[in-house]
Amino acid sequence: MEYIITFESTSQAVQTERLLTDKGFKVRVMPLPSQINVGCGGCFRLEEQDLEGALRVLSDHQIGGIQVFQKTIVNKRTNYRLYPVNTQEEIEKDEE
Amino acid sequence: MIYFDNAATSLIRPPEVAEAVFYAINHFGNAGRSFYDATMVSSRAVYKTREAIASLVGLDNPLQVAFTSSATESLNLVIRSLIKPEDAVITTVTDHNSTLRPLYLSGCQLDFISCDDQGNLLLDSLDQLLRPNTRFMVANHGSNVTGNINDVKTLYQWCQAHHLTLVLDAAQTMGSIEVKADMADIICFTGHKSLMGPQGTGGIIVKEDRTFEVVKTGGAGTDSFERFQNQHVPDVFECGTQNSHGLHGLLKGVEYILRQGIDQINERESRLVSRFYQGIRDLDQVTLYGDFTRPRLPVVSLTVEGMDSADLALMLWEDYQIATRAGAHCAPLIHQHFKTRAQGMVRFSFSSFNTEEEIDRGIEALRRISN
């Protein structure tokens, strides 16, 4: 399963790419799919096994305003479904 | 040529600055637009430049640095974003037209901190300048004419005590002396002077995230179907194509400064300016402007009795190949203060790339001309 992370701005996306690559995550950048938001922004593609760790890094660095979408392909058609993201408080609660 | 016009721009730069611009112009796509290799290389270079500036000024979040084309553009954007005609604003008689003219244009009520015979701000007068609607102070960190460094700590403490936002013009200081993000609420800087970057680079540093009114708008790479763009730094000031070529050069300039250390650069510049001052202070025909009793910028402005500043600068250039700057230096109020409007001054401004031998040749030229 593949996931898409979107950002409030391209400068925030570049900052986040730096944070994640510094932590060893493989980040693939792509144009923002039109069905998420028509524009000329960018987003990240992440594999399922990297999602939780990546979100933790973003939470640790207080990167706000992100959204996560789950990518599915049905009958050769790509769909992006908004994927609920745990807040920093929920992550801390899980750790307890 | 002996280049003594570093307060105008740093002509002598670390070679890697030009190399970086050359590389960028051949390899960089449009930063923040599209996401293939050439654009990502460009975007990452711009971000790395933010990181370098943040590191220089002790800022945790590089996104609190926005890039512009110059300190002048930075000051225009900040002043137009924040200051309304109903506001009263305090500035100083030592400030540059890059501050004064945007303030005049804003229609705000202006009050000026004056200065003494050595160009030092009269900080005791601050309380008298305060009005019920005073909301901002816009002041330079260092004068581009006298080379005096303003007491920003006192200014900012006073601003904070009276709930004023301090906008600091660090065009002459950043890269030459220590500038920290917590010295003011907003700092405007240029890249092409002491930061050693190319012309066409500059920026705005905000101590804390705040909302700015959008005064420059256009393509931002995101939310293309919204009528208005993001109001937060850096995006609010960065619509349109970034000067990523120039910023890549600025990155190398700032990295050079970080490697050398501000203290070492400042020590070298102080030594050079002190040598120059000691060499000319006894010349009867020469009048110096500024305070030479305390730490200062490597800037010395002077007049030779009876001589138009343009003639003096021309003589220095034609007879000695010494590049200086004559005239009013876009700082009209300090010239009015020193009554040099008609004569102008000649400004010698040094950088750490100048040598003792060059300083001595400057001294010798002035001695001959003024005799």
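Being a predicted model, the structure only gives us computed values, none of them experimental.

1. Points about the overall build of chain B
Along chain B, the regular secondary structure elements total 11 helices and 13 strands. The C-alpha atoms of chain B give a radius of gyration of 21 Å, which matches the 21 Å a tight globule of 371 residues would have. Projected onto the principal axes, the alpha-carbon positions of chain B cover approximately 70 × 55 × 30 Å. Evaluated residue by residue, chain B yields a buried proportion of 59% over its 371 residues. Within chain B, contacts between residues separated by at least 24 positions form 67% of all contacts whose residues are at least 6 apart in sequence. Entry remark: accessible area of chain B is about 15,300 Å², with carbon and sulfur atoms responsible for 48%.

2. Looking at the sheet that holds strand S4 (residues 67–74) of chain A
Residue and element names in this part refer to chain A. Read across the open sheet, the five strands follow the order S2-S3-S1-S4-S5; overall the sheet is antiparallel. Because the sheet does not close on itself, it has two edges, and the strands there are strand S2 (28–31) and strand S5 (77–83). Averaged over all adjacent pairs, the angle separating strand axes in this sheet is 35°, with direction ignored.

3. Quick notes on the environment of Thr241 of chain B
Residue and element names in this part refer to chain B. As for its placement among the helices and strands, Thr241 is situated in the loop between strand S8 (202–206) and helix H7 (244–260). In this structure, the C-alpha to C-alpha distance between Thr241 and Gly219, residues 22 residues apart in sequence, is 8.1 Å. Apart from residues lying up to four places away in sequence, Thr241 is in contact with Asn30 and Arg33. Engagement of the side chain of Thr241 in a polar contact is seen with the side chain of Asn30, the distance being 3.0 Å.

4. Things to note about the packing of helix H1 (residues 15–27) of chain B against H7 of chain B
Residue and element names in this part refer to chain B. The N-to-C vectors of H1 and H7 enclose an angle of 150°; their axes lie 8 Å apart at closest approach. It follows that H1 is roughly antiparallel to H7 by the angle criterion. The two elements H1 and H7 cross, and the hand of that crossing is right-handed. Residues Glu16, Val17, Ala20, Val21, Tyr23, Ala24 and Ile25 of H1 form the contact with H7, whose own contacting residues are Ser244, His245, His248, Gly249, Lys252, Gly253, Tyr256 and Arg259.

Reading the values: rules and limits
- Residues numbered from 1 in each chain as written.
- Chains lettered and ligands numbered in written order.
- Predicted model: local features only at pLDDT ≥ 70, side-chain atom pairs only at ≥ 80, totals over all residues.
- Heavy atoms only, no water.
- Helix = DSSP H or I, 4+ residues; strand = E, 2+ residues; numbered from the N terminus.
- Rg over C-alpha atoms; globule rule 2.2 N^0.38 Å.
- Buried < 20%, exposed > 50% of the residue type's maximum accessible area, 1.4 Å probe, protein only.
- Contact = heavy atoms within 4.5 Å.
- Areas by Shrake-Rupley, 256 points an atom, 1.4 Å probe, with all protein chains shown as cover.
- Pairing = 2+ DSSP bridges.
- Axes fitted to C-alpha atoms, helices over the stretch in contact; angles between N-to-C directions.
- Polar contact = N/O pair within 3.5 Å; in protein donor to acceptor, adjacent residues only side chain to side chain.
- Parallel < 35°, antiparallel > 145°, perpendicular 65-115°, else oblique.
- Left-handed = near helix turned anticlockwise from the far one by under 90°.

Shape is all these values report; function is a separate question.
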